Every structure is written in structure tokens, then in C-alpha cells.
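# Structural features, examined
So you can see what is in the structure, the chains are spelled out below.
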Amino acid sequence: MSAAVEIRGVHFTYPDGRTALSGLDLRVDVGERVALLGPNGAGKTTLALHLNGINLADAGSVHIGDLPVTEAVLADIRRRVGLVFQDADDQLFMPTVAEDVAFGPANLGLRGSELAARVTEALRAVGAADLGDRAPHHLSGGERRRVALATVLAMRPDVLVLDEPTSGLDPAGHRELVEVLRSLPITQLIITHDLPFALELCARSVIVDGGRVVADAPTSDILSDEELLGRHRLALPFGFDPRMARPSR
Amino acid sequence: MGAGHAHPLYVHGHSPIHHLAPEVKIAAAVAYIAAAAVTPRQAIWAFGVQAAGVAAAIAVARLGPRFVLRRLTVVVPFVAFALCIPFIASGERIDVVGLSLSREGLWGAWNVVSKATIGASVSILLAGTTEVPRLLTGLSRLRVPGTLTAIAAFMVRYLEVIAGELGRMRTAMAARGYAPRWLWQARPVATSAGALFVRSYERGERVHAAMLSRGYTGTMPDLGGRRATAREWILAAAASGVAWLVALAAITGTGA
């Protein structure tokens with residue numbers, strides 16, 4: 001298997017002096033779906049911002065495929081890595097859904113019918129083909145989340161990074177998102193606090209705490225280790241037994 | 001979610017005017033209003049022709065007279081001001097149903113009312129047949145700097161988000177018993193305004209990161225859409241041309 005993402009010894013300190021990542025290593029293979037777990041402030045979102053060069057590592061290296069993330073290749077990196085932000089209102093900034101989905105591919109230089117085809121393809125992939133003309137603030141929470149996903153799928157990324165994709169979703173929206181993510185044949189890195197969601201989608205989970213990877217194992221093993229979860233401020237929902245749940249595909 | 005309609009001035013429709021390219025509509029509207037503005041006030045017939053032109057266009061756009069009249073109430077403050085002019089203006093006075101009014105003032109009032117009404121009607125027609133995003137596209141195609149149209153677009157997009165945040169903050173304050181009645185109780189309002197500013201600023205940073213993530217390099221891409229055809233430009237030039245011909249005829253006719 002070749003690596004879709006290879007992170008080696010990444011350190012990052014914010015300008016205000018707060019250290020977010022301190023020697024993080026992670027490898028994700030092509031086609032893998034990995035859950036990124038960890039308490040608030042562990043560095044998960046900071047890590048996501050390193051994957052497409054919004055943040056650049058102080059030390060260490062990040063590779064997307066065979067390409068190292070550096071200032072010189074940012075445009076290519078940002079095409080390869082699709083980042084879906086936690087708050088869809090941050091992601092959807094254009095006046096209409098179709099224009100928002102077109103924003104990324106238009107920045108890649110697509111125009112006209114080629115661009116329109118990309119928009120249709122991305123909206124169809126998330127089951128939102130009929131939402132193109134709507135204004136983002138008139139969508140439901142679940143629709144917004146799926147459209148936000150479409151805005152990055154339109155760039156045909158190699159790696160999809162999702163930050164807390166289930167937060168604020170109702171159960172139906174949750175179900176639709178699971179089905180959409182499962183249908184996408186690309187490498188996925190999913191930051192989440194939603195442990196059943198991780199188990200449902202990801203065969204492998206990684207716990208990040210204190211800016212480092214502290215556990216990397218099959219999701220069912222991690223969720224069965226209550227002591228490990230407790231040490232990193234993670235907890236299963238009441239009554240949920242990972243051994244009884246349907247294993248992820 | 002739970003937000004009111006974002007474009008209260010827009011009326012959904014499929015009329016020929018709805019389908020015109022936005023840049024054509026904006027240019028024609030500005031030219032038409034300018035024509036009405038330079039028409040001399042004595043040329044009552046000229047205003048009649050211009051008003052008939054707008055009314056015909058409104059009929060073609062199927063905006064509905066009640067909608068237009070309700071929107072036209074925006075000119076009421078100007079009308080109220082205009083109605084004062086005949087009473088307070090100086091010069092030759094004439095008797096109208098027992099009131100002594102200034103002749104000059106009456107012309108002044110007519111001038112304000114007629115031009116404001118035609119100008120507002122054209123604006124209502126433009127806004128009623130063109131959604132805000134399309135207006136912005138039109139403006140940028142008319143070479144309005146991209147930074148300005150982008151700022152306007154973000155304002156339109158995030159106004160409801162920020163209004164929603166403000167609403168939630170007010171609810172949170174009310175839920176904890178805050179019911180200001182006096183000026184010295186206004187401190188929390190000022191604090192929340194500051195908090196709202198900080199939140200909006202932080203949102204701006206997150207939106208910028210989201211834009212960079214999708215390859216933004218400093219200029220908004222032109223997302224195409226249909227550009228105006230020569231036929232549309234000719235049509236728009238004809239419509240505003242009539243208004244200008246009338247205006248010029250009135251100017252030469254009255255010797256102004």
C-alpha cells in the first residue's frame with residue numbers, strides 16, 4: 001500500500017506561544033478511512049490545517065502522496081486535500097450553493113460547461129442535486145453539511161479531511177452523512193468526538209492528545225479500552241457496547 | 001434555518017425582464033433614472049411618457065401593482081418634505097382651494113415627487129426582477145472593482161448569520177433577567193456588541209481559511225453564467241434611449 005498522507009515528527013507552535021503539535025507521526029494509506037479522536041485542544045484541527053498547508057510545520061514534514069507540503073506547491077496540495085470545516089457557515093460563503101461548489105474548481109481554472117459538469121457531479125455525489133440554486137443560509141443543518149462536502153468534492157481531492165462532521169446533526173442528517181461518506185471511494189481522515197460514528201465508518205482510529213499520537217489501533221479495540229478512553233477524556237455514550245455494534249466496513 | 005427570506009425585494013418570476021442579463025438591467029436602470037433626473041420640471045408630458053415607460057416594463061415583469069405601490073412607500077419621506085415646499089417657499093403666490101401657496105414651491109414639490117417616484121419605480125423594477133447575487137455579478141461585469149462586489153457579497157451572505165448570533169445573545173441576556181430600561185443599564189448591550197465584533201472577526205478568519213483551502217489566491221473567480229447578448233444591449237439602449245429622447249426634447253422645447 002502506498003501512503004496517501006505521511007506525517008513525520010511535526011511540531012507546530014501558534015504565534016501566541018501555544019504549542020499545538022509536538023512531534024506528531026501519522027501514516028494513512030490510500031483508500032483508508034481513519035478516525036482522529038481526542039479531547040478538545042488536543043491539536044486535531046491544527047493537524048487538519050497542516051494537511052493542506054494553511055498551517056506549515058515548524059519542524060518535521062507532511063507528505064500528500066509523494067508531494068511534500070511546502071509553500072511552493074500549495075495550489076497542488078489544496079487540490080489534492082479537501083478540508084471540510086466544522087461550521088458549514090464558514091465553508092459556504094458564496095451567495096448560492098452552485099456558486100459555492102463552483103468556487104474551488106473555478107480557482108483550478110475550470111470554466112463553462114466543464115465547470116458546470118463538476119458542480120453537478122459533486123452535488124449528485126452528496127444527494128443534493130436539487131439544491132444548486134438555494135442560498136446556503138436557507139438549508140437545513142444536514143443539507144448544509146452535505147453541500148459543504150460537495151464544495152470540496154468538486155475539486156476531486158485524493159484525501160478528504162472532515163472536522164467534526166456530525167456535530168449538530170439530527171439523526172436523519174447523521175444517517176445521510178454516513179451513507180454519503182461510505183459511498184466515496186477516497187482516503188478519509190475524520191476528526192470526531194462521536195465514537196459510535198467512528199466505529200461505524202472507520203476500521204482504524206487514532207487518538208491525538210497533547211499534540212501527539214498516543215494510540216493507533218483498530219477502532220473496536222480502542223473503544224473497548226475504557227481505561228485508555230478515560231485517560232484522554234473520551235467516553236462512550238451510555239449503554240453503547242462496541243463489541244455488540246456492527247463492525248465497520 | 002429559521003431565517004427570513006433573504007431577498008424581500010425580489011419577486012420570483014420568468015418574465016423577459018427577469019431573464020435579461022443583470023449588467024444590462026443595471027445600466028438601463030441607471031440611464032433611465034438619469035434621464036428622468038435631467039428632465040426639466042415644466043415638461044409634465046415628458047414625465048408622463050417616462051412614467052408610462054416604467055409602468056409598461058413593470059407590467060411586462062408581472063410585478064403586480066400592489067407590490068410596487070407598497071414598495072413605493074419608501075418615497076413617502078421625500079413626498080412629505082416636498083409637500084412642505086409650497087408653504088414655505090418664497091416668490092409669487094397663488095390661491096389653491098383657499099390656501100396661499102408659492103408658485104415656485106409648487107413646481108419644486110412636483111419636481112421632487114415626480115423624479116423620486118420614477119427613480120424609485122425603476123429601482124423596484126430592477127430589484128424585483130434581479131436577485132442580489134445576480135446584481136453583484138452584473139456590477140462586477142460593469143467593471144465595479146472586485147473587492148467592492150466581494151465585500152457586498154459577503155455582507156449579504158453573513159448578515160443573517162450575524163443577526164442570528166445577535167438574536168441568540170439577546171435571548172441569553174433576557175433569559176438571565178436582563179431587561180434594560182435606562183441608559184445606565186446599557187453596559188451589557190455594549191459588551192455584547194464588542195463580543196459580536198470579535199466573533200465576526202474570528203468567523204472572517206475561518207472563512208478566509210476555508211477559501212484558501214479551496215485554492216483562493218486573492219481574486220474571486222468569475223463563475224461565468226450567461227453574459228449579455230448584443231440584442232439585450234440594444235433592447236436596454238432602446239428603453240433608456242426613449243427616456244433620454246423625451247428628456248432632450250423637453251430640454252430643447254422649454255428652452256432650458
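Before reading on, note that the structure itself is shown above.
Reading guide: rules and limits
Residues numbered from 1 in each chain as written. Chains lettered and ligands numbered in written order. Predicted model: local features only at pLDDT ≥ 70, side-chain atom pairs only at ≥ 80, totals over all residues. Heavy atoms only, no water. 1 Å grid on protein atoms, 1.4 Å probe; cavity = no way out; pocket = protein on both sides within 12 Å on 5 of 7 lines; lining within 4 Å. Points joined across faces, edges and corners; volume = space filled by probe spheres on them. Helix = DSSP H or I, 4+ residues; strand = E, 2+ residues; numbered from the N terminus. Nonpolar A, V, L, I, M, F, W, Y, C, P; charged D, E, K, R; others polar. Polar contact = N/O pair within 3.5 Å; in protein donor to acceptor, adjacent residues only side chain to side chain. Contact = heavy atoms within 4.5 Å. Axes fitted to C-alpha atoms, helices over the stretch in contact; angles between N-to-C directions. Parallel < 35°, antiparallel > 145°, perpendicular 65-115°, else oblique. Left-handed = near helix turned anticlockwise from the far one by under 90°. Pairing = 2+ DSSP bridges.

To locate leftover empty space, one rolls a probe as large as a water molecule over the atoms. Residues and elements named next belong to chain A. Inspection of the entire model under this criterion finds one cavity of 30 Å³ or more. In this model, the largest cavity occupies a volume close to 40 Å³. Along the walls of the largest cavity sit V84, F85, R145, L149, L162, D163, E164 and P165, which together make up its complete lining. Every element with two or more residues in the lining of the largest cavity is listed here: α6 (141-153) and β7 (159-163). For the lining of the largest cavity, the class distribution of residues is five nonpolar, no polar and three charged.

Residue and element names in this part refer to chain A. Following the sequence through the fold, E164 ends up in the loop between β7 and α7 (171-183). Of note is the side chain of E164, whose polar atom sits 3.1 Å from the side chain of H193. Filtering out sequence-adjacent residues up to four positions away, E164 remains in contact with Q86, R145, I191, T192 and H193.

Quick look at the packing of helix α8 (residues 146-175) of chain B against helix α9 (residues 187-213) of chain B now. All names here are of chain B. Packing of α8 against α9 leaves a shortest axis separation of 10 Å and a crossing angle of 140 degrees. It follows from the interaxial angle that α8 and α9 lie oblique. Handedness of the crossing formed by α8 with α9: right-handed. On α9, the residues touching F154, Y158, V161, I162, E165, L166, M169 and M173 of α8 are P188, S192, A195, L196, R199, S200, R203, V207 and M211.

Quick look at the sheet that holds β7 of chain A now. Residue and element names in this part refer to chain A. Pairing in this open sheet of six strands is mixed, and the strands run β6-β7-β8-β3-β9-β10 from one edge to the other. Looking at which strands have only one partner, the edges of the open sheet turn out to be β6 (81-84) and β10 (212-218). With direction set aside, neighbouring strand axes in the sheet form an average angle of 20 degrees. Of the pairings in the sheet, the one linking β6 to β7 comprises four bridges and is parallel in character. What sits directly across from L83, in β7, is V161. In the packing of helix α1 (residues 44-51) onto the sheet, the strands contacted are β3 (33-37), β6, β7, β8 (187-191) and β9 (204-209), and the crossing angle to β8 comes to about 150 degrees.

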